[in-house]
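Chain by chain, the residues run as shown.
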Amino acid sequence: MSYKLTVNGRPTTVDAPGDTPLLWVVRDILDLKGTKYGCGMALCGCCTVHIDGEAMRSCTTTIENAAGKHITTLEGLSEDGTHPVQVAWAELDVPQCGYCQAGQMMTASALLAKNPHPTDADIDAAMDGNICRCGTYLRIRKAVKRAAELHAKRTAQTSNADLTASAKA
Amino acid sequence: MATTQPKLDPQESPKSNRSAGMNRRAFLRATALVGGGMMLAYYAEPLGKKVLAQFGPPVTLLPTSFITITPDGIVTIIAKNPEIGQGVKAMLPMMIAEELDVDWKDVRVEQGDLNAKYGLQIAGGSTSTPMNWDPLRQVGAGGRAMLIAAAAQTWGVSPSECSTTASRVHHDPSGRSLTYGELASKAATMPPPDPKSLKMKDPKDYRIIGKTTPNPDIHKIVTGKPLYGIDFTMPGMLYANYEKCPVFGGKVKSANLDEIKALPGIRHVFVVPPGPDPATLAGGVAIVADSWYQARAARDKTLKVEWDEGPTAAQSSQLYAATSVELAKKEPGQVLRKDGDTDAAFGSAAHVVEAAYSYPFLSHVPLEPQNCSAYYKDGKLEVWAPSQTPATGLSQTARALGIDQKDITVHLTRIGGGFGRRLTDDYMVEAAVIAKQVGVPVKLLWTREQDMAHDYYRPAGFHFLKGGVDKNGKIVAWRNHFVTFGENGRFAQSAGLGGEEFPARFIPNFSQLSSMMPSGVPMGAMRAPGSNAIAFVMQSFIDELSHAAGRDPVQFRLDLLAAAPLPMAAPPPGTPVAFAPVAFDGPRMRAVLTSVAERSGWGKRKLPPGTAMGVAFHFSHRGYFAEVAEVQVSSSKAVKVHKVWVVGDIGSQVINPGAAQNISQGAVIEGMSHAMGYEITIDAGRAVQSNFHQYPPLRITQAPADIDVFFLKTDNPPTGLGEPALPPMIPAITNAIFAATGHRVRALPLQQHGYSWA
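Residues numbered from 1 in each chain as written. Chains lettered and ligands numbered in written order. Predicted model: local features only at pLDDT ≥ 70, side-chain atom pairs only at ≥ 80, totals over all residues.

## Remarks on the overall build of chain A
Moving on, step 1. Within chain A one finds seven helices and five strands.
Moving on, step 2. Here the C-alpha atoms of chain A give a radius of gyration of 15 Å, agreeing with the 15 Å that 2.2 N^0.38 yields for 169 residues.
Moving on, step 3. Each of the 169 residues in chain A was classed as buried or not, and the buried ones make up 60%.
Moving on, step 4. Long-range pairs, those at least 24 residues apart, make up 63% of the contacts in chain A between residues at least 6 apart in sequence. (Helix = DSSP H or I, 4+ residues; strand = E, 2+ residues; numbered from the N terminus. Rg over C-alpha atoms; globule rule 2.2 N^0.38 Å. Buried ≥ 20, exposed ≤ 12 C-beta atoms within 10 Å, placed from the backbone. Contact = placed C-beta atoms within 7 Å.)

Pasting the structure below:
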């Protein structure tokens, strides 16, 4: 079957069986390796992408259900690492192994797009679906706050900044 | 180091230098040592020259193998060891860069592939720091000496008149200077200096070591560039899944191969018989398809295999627990250590406590499931492997394929978590066998369920303890009958206990005993092997004795550590010197314990009802750690860990402080996962738990608000940090639960007693 969707701002057509998870479409057909496989059951969050702006698990979303939608992967936040979440993650040197961090950053960026000034409780609640097996949670909390600061600064500078759509709209 | 002199010029790509630098004898030695390495980790032996001496002279590490300087001044440094998140990709190059005296902003770090010229390449046993601290600083100092020699020759002055700062050689008497980039070509013609002639920097002059240095891969990680084993692709690649018998050691009797082959996208499906070493190649069914999802879907939806399950199908966790109780009633199989007269001492003790402790099998669950890419063509194999022990994988793969080791190239990828799982290279052997069969590049990827079902699990264990305290509140007798897995007097992998394990030597009447039962469950090292479970048992039982004597748990421990220790036992005849245990140093542990008590305000802060502190310490992998957890327990057994304090002594230098804080906090988080939710249950010879809903790593809402990490710098050689911060965390929590509730947790995990995270 052939499916049309928009990935990181680019209209894309994909040929795949309808039950193929979006994760494997993104990784192996579109060759965007940032999105990771961890559990295949929406339990760990490694595969998190934005579907029409919502943080979703791509391992349990079929290509059939993703058709016609706007998908943003880590590569779509910015190619050069300038999205506030990417900047904050690098500044605080959050990762240990780094494998879960794409999913962490996608959940964090979706949170900040809706709630630019999250409280500690907001951050924990939003990030709870993303496992970090290395245990970088204390740095993740700090990085989300730092990204919020960076985002606020940019918003002050450019009135039309939009976190989700800096994904290459 | 330069572009014009091939002899000293490592311009050859590290990806293509296999033949030139290969020292086959050294390679075999390396393989042998890696095999020993897992055992080394357990016994916490001294590492370095003594260890290498067991396997012949060490490989001479030449500056030119590790350092490339181009005329533009860019310094490329090879990171030789596998990066599993422990931070070696920054740390090892930092050692070289410091003594090379280069400006870190000029440094580019490149992952080295498996090559004997880099010496041992292993991520295990917290060995990267102790094994590389001297040789890699020598590599840097050697490079610096060659640059100075080049400058001195250029200027016609004595090298002794020259100095260096940040990528530049100076001649102070004349005020001249040249950059490393300008000197690189000439430096390459200078003879490498004798390592013994090199003078290392005074640590007070360090500009890189001891300063927080970011992860060299950080930009690639935050922008999602291909980096990990699972990300590797090449043109014409097919994707494989490999299904093994859920019962350990089982074999394929028959499978519906024709039905699988007829599915869309399936290119190959075949039965793989068990390899020459079934521990690294179990029999199974390989499904190779145009996409991994097609292979996986075929496995999930259509594959039907009739298995010969074999004898392990009769085994279970329940059977092991029942057997342990029976064995504990009998005379122990082994006496690991015996001091004084425990029976007499129990008879005269003021307080005697008896308790049985146990802990389950654990799965490592790195978030990147096992995978490996392989390409076999014309009798040669190339693999891209997320392996902690690439040399071991290479030798096992050569054996399984029946080809020579020199016909295999192993590329190292970044690794999405190790924790000891990737010390065993079964996935590499499987990928190689499949690649040989299909003749095109193949990426093998396991499902999460296969990863949890086919681990080399942290062994379960059962301890039957008796302790006696005299009227002065001092431990006078201790008996531990440890029932574990093994056969014919040999412990299963990572299922052993050293006779010298603390509190051995600090109690006058002491018996460390063991008995073994056979098991078909594959076992292996997991982060802080042995220690991650033993610390829970020892530090919990010490806590029990402290409370029985009515004494403060910190002061009770300080007094225990103040005893003049009994001598170490002579190792069994024939034990290599390097495998002999390291003496536990009481004063070093007293210092970290005193510090953590001060930092946490132990005994000085008034805590709300239901909230209490627990303390524990443990020595492993040459590191001394004491930890305090402040824990709140509700009436419904909901547990909140508010704050944790960690104090460690890993010697005179913490090489990369930011990374050290990160990994120590991670060790605390992992300890919480062990304590609450991790448990692999064996039933009918297979693992019951299959994914994270049944085997839950800690989540962010459960993480403490703060984890305070502090290092005491002591006059000891720097040692590793991947492991030793983990073990004390588990008993720190359970001891806090006792202090808060009066419930002594003697079996892990907590969830089996009705606890949950708040």
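Moving on from the model shown.
## Description of the overall build of chain B
Moving on, step 1. Regarding its fold elements, chain B presents 20 helices and 28 strands.
Moving on, step 2. For 758 residues, the compact-globule estimate of 2.2 N^0.38 gives 27 Å, and chain B sits close to it at 27 Å.
Moving on, step 3. Taking the principal axes of its C-alpha atoms as reference, chain B extends roughly 80 × 75 × 50 Å.
Moving on, step 4. The burial tally for chain B puts 59% of its 758 residues in the buried class.
Moving on, step 5. Put simply, of all contacts in chain B between residues at least 6 apart along the chain, 82% involve residues at least 24 apart.

## Some words on the interface of chain A and chain B
Moving on, step 1. With 45 residues of chain A at the contact, the number on the chain B side is 45 residues.
Moving on, step 2. Those elements that place two or more of their residues in the side of chain A that touches chain B are α1 (22–29), α3 (74–77), α4 (84–91), α5 (101–114), α6 (120–127) and α7 (137–157) of chain A.
Moving on, step 3. The dominant element in the side of chain A that touches chain B, judged by the number of residues it contributes, is α7(A), at four residues.
Moving on, step 4. Here the side of chain A that touches chain B is built from residues that sort into 24 nonpolar, 12 polar and nine charged. (Nonpolar A, V, L, I, M, F, W, Y, C, P; charged D, E, K, R; others polar.)

## Overview of helix α7 (residues 180–187) of chain B
All names here are of chain B.
Moving on, step 1. For α7, the buried fraction is high: six of the eight residues fall into the buried class.
Moving on, step 2. Among all positions of α7, only Tyr-180, Glu-182, Leu-183, Ala-184, Lys-186 and Ala-187 are buried.
Moving on, step 3. At its buried positions, α7 is contacted by β1 (67–69), β2 (75–79), α6 (128–155), β5 (168–171) and β6 (176–179).

## A short note on the sheet that holds β1(B)
All names here are of chain B.
Moving on, step 1. Overall, mixed pairing links the three strands, which are arranged β1-β2-β3 in an open sheet. Single-partner strands in this sheet number two, and they are β1 and β3 (107–111). This sheet shows a mean twist of 25 degrees between the axes of neighbouring strands, independent of strand direction.
Moving on, step 2. Sheet topology note: the β1/β2 ladder contains three bridges and is antiparallel. Bridge pairing in β2 places Ile-69 opposite Val-75. (Pairing = 2+ DSSP bridges. Axes fitted to C-alpha atoms, helices over the stretch in contact; angles between N-to-C directions.)

## Concerning the environment of His481(B)
Moving on, step 1. Within the secondary structure layout, His481(B) lies in strand β19 (residues 475–487).
Moving on, step 2. If we ignore the near neighbours within four places in the chain, the residues touching His481(B) are Ala328(B), Pro332(B), Phe464(B), Leu513(B) and Ser515(B).

## Some details on unusual backbone geometry
All names here are of chain B.
Moving on, step 1. Put simply, Phe-502 and Pro-503 share a cis peptide bond, and its omega is 10 degrees.
Moving on, step 2. Within the secondary structure, Pro-503 sits in the loop between β20 (490–491) and β21 (509–517).
Moving on, step 3. Here Arg-505, not a glycine, exhibits a phi torsion of approximately 80 degrees, which is positive.
Moving on, step 4. For Arg-505, the location among the structural elements is in the loop between β20 and β21.
Moving on, step 5. Given 22 C-beta atoms within a 10 Å radius, Arg-505 is considered buried.
Moving on, step 6. Positive phi values are uncommon outside glycine, yet Lys-637 reaches one of about 65 degrees.

## Brief notes about the sheet that holds strand β1 (residues 2–7) of chain A
All names here are of chain A.
Moving on, step 1. Taken together, five strands build an open sheet; the order of strands is β2-β1-β5-β3-β4 and the sheet is mixed. Two strands bound the open sheet, and with one partner strand each, they are β2 (10–15) and β4 (54–57). Between one strand axis and the next, the sheet turns by 40 degrees as a mean value, whatever way the strands run.
Moving on, step 2. Both strand β3 (residues 48–51) and strand β5 (residues 70–72) contribute to a ladder of two bridges, which runs antiparallel. In the strand pairing of β5, His-50 is matched with Thr-72.
Moving on, step 3. Strand contacts of α5: β3 and β4, with the helix running at about 35 degrees to β3, the strand carrying the most contacts.

## Observations regarding the environment of Met568(B)
Residue and element names in this part refer to chain B.
Moving on, step 1. Relative to the elements of secondary structure, Met-568 occurs in the loop between α17 (553–561) and α18 (586–600).
Moving on, step 2. Residue Met-568 is classed as partly exposed on the basis of its C-beta count, with 16 C-beta atoms lying within 10 Å.
Moving on, step 3. In this structure the C-alpha to C-alpha distance between Met-568 and Arg-337, which are 231 residues apart in sequence, comes to 9.7 Å.

## Observations regarding the pairing of strand β27 (residues 706–711) of chain B
Residue and element names in this part refer to chain B.
Moving on, step 1. Burial of the side chains of β27 is restricted to one face: Ile-707, Val-709 and Phe-711 are buried, whereas none of Asp-706, Asp-708 and Phe-710 on the reverse face is.
Moving on, step 2. As judged from the six bridges shared by strand β24 (residues 638–649) and β27, these two strands associate in the parallel manner. Within β27, the residue paired with Gly-648 across the bridge is Phe-711.

## Examining the nonpolar core
Residue and element names in this part refer to chain B.
Moving on, step 1. Counting residues in hydrophobic clusters, the biggest one holds 289 residues, and the most contacted among them are Ala-240, Ile-287, Ala-431, Ala-432 and Ile-733.
Moving on, step 2. Element by element, the count of residues in this core is highest for α6, at 12 residues.
Moving on, step 3. Excluding residues within four positions of it along the chain, Ala-431 makes contact with Cys-372, Ser-373, Ala-374, Val-383, Val-442 and Leu-444. (Core = buried A, V, L, I, M, F, W, Y, C linked by C-beta atoms within 7 Å.)

## Thoughts on helix α5 (residues 88–100) of chain B
Residues and elements named next belong to chain B.
Moving on, step 1. Relative to the 18 Å expected for 13 residues at 1.5 Å per residue, α5 spans 18 Å between its end C-alpha atoms, a close match to the ideal helical length.
Moving on, step 2. At Met-94, α5 is deflected by roughly 25 degrees, the largest bend along its length.
Moving on, step 3. Downstream of α5 by one or two residues, Asp-101 has phi in the positive range, about 65 degrees. (Expected span 1.5 Å × (residues − 1). Bend = angle between axes of the 7 residues up to and from the residue.)

## Quick look at the confidence of the model for chain B
Residues and elements named next belong to chain B.
Moving on, step 1. Mean pLDDT for chain B: 91, with 91% of residues reaching 70 or above.
Moving on, step 2. With pLDDT under 50 throughout, residues 1–57 is counted as low confidence; its partners more than four residues away or in other chains account for 124 contacts.
Moving on, step 3. Of the two predicted TM-score estimates for the complex, the pTM is 0.92 and the ipTM is 0.94. (pLDDT = per-residue confidence, 0-100.)

## Some words on the packing of α4(A) against α7(A)
Residues and elements named next belong to chain A.
Moving on, step 1. Following both chains from N to C, one finds α4 and α7 inclined at 135 degrees, their axes separated by 8 Å at the closest point. When the interaxial angle is binned, α4 and α7 end up oblique. You can see that α4 and α7 cross each other, and the crossing is right-handed. Along the contact surface, α4 presents Pro-84, Val-85, Val-87, Ala-88, Trp-89 and Glu-91, while α7 presents Ala-143, Arg-146, Ala-147, Leu-150, His-151 and Arg-154. (Parallel < 35°, antiparallel > 145°, perpendicular 65-115°, else oblique. Left-handed = near helix turned anticlockwise from the far one by under 90°.)

## Looking at the environment of Tyr239(B)
Residue and element names in this part refer to chain B.
Moving on, step 1. Structurally, Tyr-239 can be placed in strand β7 (residues 238–244).
Moving on, step 2. Spatially, the C-alpha atoms of Tyr-239 and Ala-295 are 7.1 Å apart, while their sequence positions differ by 56 residues.
Moving on, step 3. In contact with Tyr-239, other than residues within four places in its own chain, are Ala-289, Ser-291, Trp-292, Ala-295, Lys-443 and Leu-445.

## Looking at the pairing of strand β16 (residues 408–412) of chain B
All names here are of chain B.
Moving on, step 1. Of the two faces of β16, only one is covered, namely that formed by Ile-408, Val-410 and Leu-412; the face formed by Thr-409 and His-411 stays uncovered.
Moving on, step 2. Bridging between strand β15 (residues 380–385) and β16 involves five bridges; their strand directions are parallel. Following the sheet pairing, Leu-381 is matched in β16 by Ile-408.
Moving on, step 3. Each parallel crossover has a hand, and the one from β15 via helix α13 (residues 390–401) to β16 is right-handed. (Right-handed = clockwise from strand over helix to strand, strands pointing away.)

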